[in-house]
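# Structural features, examined
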Amino acid sequence: MMNEDTSASTSSSGGGVKKFFQRLSQIYQSALDRSTPHTKLRWSGAAVLVLFFLLRIFLNQGWYIVCYALGIFHLNLFIAFLTPKIDPEFDPYANEDDGPNLPTRSNEEFRPFIRRLPEFKFWLSITKSTTIAIICTFFDCFNIPVFWPILVMYFITLFCITMKRQIKHMIKYKYLPFTRNKPRYQRVGEPTESSK
């Protein structure tokens with residue numbers, strides 16, 4: 001009798017904790033869903049967060065390792081944002097005529113650039129990582145003394161090498177990751193801008 005009461009109270013308290021975290025997860029997902037269409041506002045918030053982090057690093061004169069790690073992580077995210085989801089270099093259909101390819105001429109059918117890392121996930125990862133980095137600056141165990149100019153030089157060198165490789169890849173496979181929108185065509189009876 002006593003064992004049944006104990007197991008019932010344990011399962012009900014476990015269910016309450018599970019429901020709490022489930023509800024917390026739903027609130028978080030709802031907030032993310034509501035923020036999805038507000039691209040400029042989201043990126044402005046992320047930029048403010050990064051600037052706050054850099055200001056904290058600059059004013060406290062420490063946590064350079066955290067800053068370096070965050071910079072490398074953001075660079076990695078940016079490269080994933082620039083690369084296509086199906087890399088033409090490793091595409092098994094690239095040599096066949098019937099396989100999917102990126103358009104190489106302006107008269108070919110429009111195919112949108114599909115990123116390996118979508119814009120929303122890119123923003124979310126930057127926001128999460130910057131928040132974690134800000135939290136790390138409140139703990140002295142992450143403030144490892146280093147000569148920060150060397151880290152800056154490492155980062156600049158890594159950035160230049162990585163971007164050079166990425167730009168060569170873009171030129172070789174003729175894609176541009178920053179297209180604005182799908183081209184708009186005129187209807188057959190509409191006057192053109194020049195004829196008005």
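All figures in this text were calculated on a predicted structure; none of them were measured in a lab.

### Comments concerning the packing of helix H3 (residues 64–82) against helix H5 (residues 148–173)
Where H3 meets H5, the closest approach of the two axes is 11 Å, and the angle between their N-to-C directions is 5°. As the angle between them shows, H3 and H5 are arranged roughly parallel. Facing Tyr64, Ile65, Tyr68, Gly71, Ile72, Leu75, Phe78, Ile79 and Leu82 of H3, the residues of H5 in contact are Trp148, Leu151, Tyr154, Phe155, Leu158, Phe159, Thr162, Met163, Gln166 and Met170.

### Concerning the state of the cysteines
For the structure shown, the criterion picks out 0 disulfides. Between Cys136, a free cysteine, and Cys141, which holds the nearest cysteine sulfur, the sulfur-to-sulfur gap is 7.8 Å.

### Details of the packing of aromatic side chains
Within this structure, the stated rule accounts for 8 aromatic pairs. On the basis of an interplanar angle of 35° and a centroid distance of 6.4 Å, the ring pair of Phe78 and Phe122 is categorised as tilted. Here Phe78 is found in helix H3, whereas its partner Phe122 is found in helix H4 (residues 119–136), with 44 residues between them in sequence. Seen from their ring centres, Phe120 and Trp123 are 5.5 Å apart, and the 45° between their planes marks the pair as tilted. Note that Phe120 and Trp123 are positioned in helix H4 at a spacing of 3 residues, about one turn of the helix. The buried category is assigned to Trp123, whose relative accessible area is 10%. The ring centre of Phe138 lies 4.0 Å from the NZ or CZ of Arg56, which sits over that ring. Note that Arg115 overlies the ring of Phe81, its terminal NZ or CZ placed 3.9 Å from the centroid.

### Overview of the UniProt feature "transmembrane region" (unreviewed entry) in the protein
UniProt feature "transmembrane region" (unreviewed entry): in the numbering of this structure it lies at residues 41–57, 63–82 and 146–163. This span, residues 41–57, is 100% helix and 0% strand, and a straight line between its end C-alpha atoms measures 24 Å. Within residues 146–163, the helical portion is 89% and the strand portion 0%, while the C-alpha atoms at the span's ends are 26 Å from each other.

Thresholds, definitions, all that
- Residues numbered from 1 in each chain as written.
- Predicted model: local features only at pLDDT ≥ 70, side-chain atom pairs only at ≥ 80, totals over all residues.
- Heavy atoms only, no water.
- Axes fitted to C-alpha atoms, helices over the stretch in contact; angles between N-to-C directions.
- Helix = DSSP H or I, 4+ residues; strand = E, 2+ residues; numbered from the N terminus.
- Parallel < 35°, antiparallel > 145°, perpendicular 65-115°, else oblique.
- Contact = heavy atoms within 4.5 Å.
- Disulfide = S-S within 2.5 Å.
- Phe/Tyr/Trp six-rings, centres within 6.5 Å; stacked < 30°, edge-to-face > 60°.
- Buried < 20%, exposed > 50% of the residue type's maximum accessible area, 1.4 Å probe, protein only.
- Lys NZ or Arg CZ within 6 Å of the ring centre and 35° of its normal.
- UniProt positions renumbered as here; feature names shortened; annotations may be inferred.

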